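# Structural features, examined
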Amino acid sequence: MKLSRVVPAEGVAFGAGAYACWGLFPAFFGLLAVSAPLEILAHRVVWTAVLMVGVVLVIGRIRPFLSMGGRAWLLVAAASVFITTNWGVYIFGVVSGRVVETALGYFINPLVSVMLGVVFFRERLNRTQIAAVLIAITAVVVLTLDYGRPPIIALCLAFSFAMYGVVKKVMPLDPRLSVAGEALFAAPFAITFLVVLGVSGAATFVSEGPGHTALLIAAGPVTALPLLLFAAAAQRVPLVTMGILQYLTPALQMAWGVLVLHEDMPASRWLGFTLIWCALAVFTTDSVRRTRRRMRSPVVVDPPR
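Residues numbered from 1 in each chain as written. Predicted model: local features only at pLDDT ≥ 70, side-chain atom pairs only at ≥ 80, totals over all residues. Heavy atoms only, no water.

## Describing unusual backbone geometry
Backbone geometry places Arg122, a non-glycine residue, at a positive phi of 55°. For Arg122, the location among the structural elements is in the loop between α6 (99–121) and α7 (127–147). Despite not being glycine, His262 shows a phi value in the positive range, around 55°. Its place among the elements puts His262 in the loop between α12 (248–260) and α13 (267–296). (Helix = DSSP H or I, 4+ residues; strand = E, 2+ residues; numbered from the N terminus.)

Below is the structure:
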C-alpha cells in the first residue's frame, strides 16, 4: 500500500494565512493605541464571542455546544484564562511599543511547549532537543542582561500560549466550539469591565469617533479569522509543516518592530535573537528528521474482514 506524502497546497495556504494574520497583528492593534490595553482586550473578547456564537449557529453545532459536560467546560475555562492572558499581554506589548519583545515570545514558544510536554505528558527529550532548549535558555540570559531585566512580556506570551496548547491537547472538542466557549467564558468579565469603564467616563468606544468604534468591533473578526484558518490547516497538513509555518508570525512581528517602528536593536539584542534562531534551527531540523524517519517506517495495514 502506497501512502501519499504530498502536503495539500490548500492546507498550507490556510496555515500560512493564519500565521500571516497573527504576524500582522501589530499593524492592527497599533491603530487602537488611543485606548488602554484592558479596554482593547475587553472589546476583543466580547466581539470574538459574538462572532463565534454566530459561527456555531451557522454550522449547526449549537446543540452539542450547549450539551457540553462539566469536564469540557472546566477545560474551556482553563483555556480561556490562558488565551485571554496571552491576548492581554500581547496588546500591552504592542501598545507600549515593545513589538520586538512580543516577537521573541513567539519565537520561544515552541521550545517552551517542548518543556511543558516533559512536565505534563512525561515526554522524553532527545539530545538534540535538550541542546536546543539549553541554547534558548542561554539566549534568554543574554537578553536579560541586554534589557537589564528578564524579558517578561516574551516569557508571559510564550508560557501562556504553551499552557493554552497543553489544555487544547486534552480537550475533546471541535476547535470552533472550544473557541466560542473560551470567548463566552471571558465575556461576562469583559462586559462588566466595559460597563464600569463607561460609567466612569473613561471608555473610548464612542468618544474617539466612528472609525475607532469600527476598529474595536473589528477586533472580533480579526481574532477569529486566523483561529478558523488555523483549525482548517491543522486538519489538512502534518504537524511538522505547521511547526515550520509558525515561525512566519514572529518573523513578521519582528520585521514590523524593527523596520516600521524602528525599535532599538543593539548588538547584544541581535546576539540573543541569533541564539534563539539557532535553537529553533536545531529543534526544527530534528523534528523534520524524526518525521521523515516515521514516514519511512513500514505501515501495517489490517487485512479486510
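Next, the rest of the story.
## Focus on helix α3 (residues 37–58)
Here α3 spans 31 Å end to end across 22 residues, near enough to the 32 Å set by a 1.5 Å rise per residue. Immediately beyond the C-terminal end of α3, within one or two residues, lies Gly60, with a positive phi of roughly 70°. (Expected span 1.5 Å × (residues − 1).)

## Things to note about the environment of Leu184
Its place among the elements puts Leu184 in helix α9 (residues 175–200). Residues Leu184 and Trp47, spaced 137 residues apart in sequence, show a C-alpha to C-alpha distance of 10.0 Å. Look past the residues within four positions of Leu184 in its chain and what remains in contact with it is Ala49, Val53 and Phe65. (Contact = heavy atoms within 4.5 Å.)

## Topic: the packing of aromatic side chains
If you walk through the whole model with that rule in mind, you get 17 aromatic pairs. Between the aromatic rings of Trp47 and Phe205, the centroid separation amounts to 6.5 Å while the plane-to-plane angle is 25°, which identifies the pairing as stacked. You can see Trp47 sitting in helix α3 and its partner Phe205 sitting in the loop between α9 and α10 (210–234), a full 158 residues away along the chain. What makes Trp47 partly exposed here is its relative accessible area of 24%. Taken together, a centroid distance of 6.0 Å and an interplanar angle of 50° make the contact between Phe273 and Trp277 tilted. Residue Phe273 and its partner Trp277 are both found in helix α13; the two are separated by four residues, about one turn of the helix. (Phe/Tyr/Trp six-rings, centres within 6.5 Å; stacked < 30°, edge-to-face > 60°. Buried < 20%, exposed > 50% of the residue type's maximum accessible area, 1.4 Å probe, protein only.)

## Overview of helix α1 (residues 9–23)
Between its terminal C-alpha atoms α1 stretches 20 Å, which fits the 21 Å expected from 15 residues at 1.5 Å a residue. Along α1, the residues classified as buried are Gly11, Gly15, Ala18, Tyr19, Trp22 and Gly23. Relative to the axis of α1, the buried residues are bounded by an arc of 140° and lie together on one face. In α1, the exposed positions that point more than 90 degrees away from the buried face belong to Ala9 and Ala13. (Arc of directions from axis to C-beta.)

## What about a nonpolar patch on the surface?
Where nonpolar side chains cluster on the molecular surface, the patch consists of Ile130, Leu134, Ile137, Val141 and Leu145 and spans about 480 Å² of accessible area. Looking at the element boundaries, Val141 is found in helix α7. For Val141, a relative accessible area of 47% puts it in the partly exposed group. (Patch = residues over 30% accessible without salt bridge, like charges linked within 9 Å, V, L, I, M, F, W, Y side chains within 5 Å. Areas by Shrake-Rupley, 256 points an atom, 1.4 Å probe, with all protein chains shown as cover. Salt bridge = Lys/Arg side-chain N within 4 Å of Asp/Glu carboxyl O.)

## Considering the UniProt feature "domain: EamA" (unreviewed entry) in the protein
Here the UniProt-annotated "domain: EamA" (unreviewed entry) positions come out as residues 11–144 and 152–284. Annotation note: span residues 11–144, helix share 84%, strand share 0%, distance between end C-alpha atoms 38 Å. (UniProt positions renumbered as here; feature names shortened; annotations may be inferred.)

## What to know about the packing of α6 against α7
Between two packed helices, the angle of one axis relative to the other and the distance separating the axes together describe the packing. Interhelical geometry of α6 versus α7 gives an angle of 150° and a closest axis separation of 10 Å. Here α6 is positioned roughly antiparallel relative to α7, judged by the angle of their axes. For α6 against α7, the interelement crossing comes out left-handed. Of the residues in α7, those in contact with Glu101, Leu104, Ile108, Leu111 and Met115 of α6 are Ala132, Val133, Ala136, Val140, Leu143 and Tyr147. Here the contact of α6 with α7 is built from residues that sort into ten nonpolar, no polar and one charged. (Axes fitted to C-alpha atoms, helices over the stretch in contact; angles between N-to-C directions. Parallel < 35°, antiparallel > 145°, perpendicular 65-115°, else oblique. Left-handed = near helix turned anticlockwise from the far one by under 90°. Nonpolar A, V, L, I, M, F, W, Y, C, P; charged D, E, K, R; others polar.)

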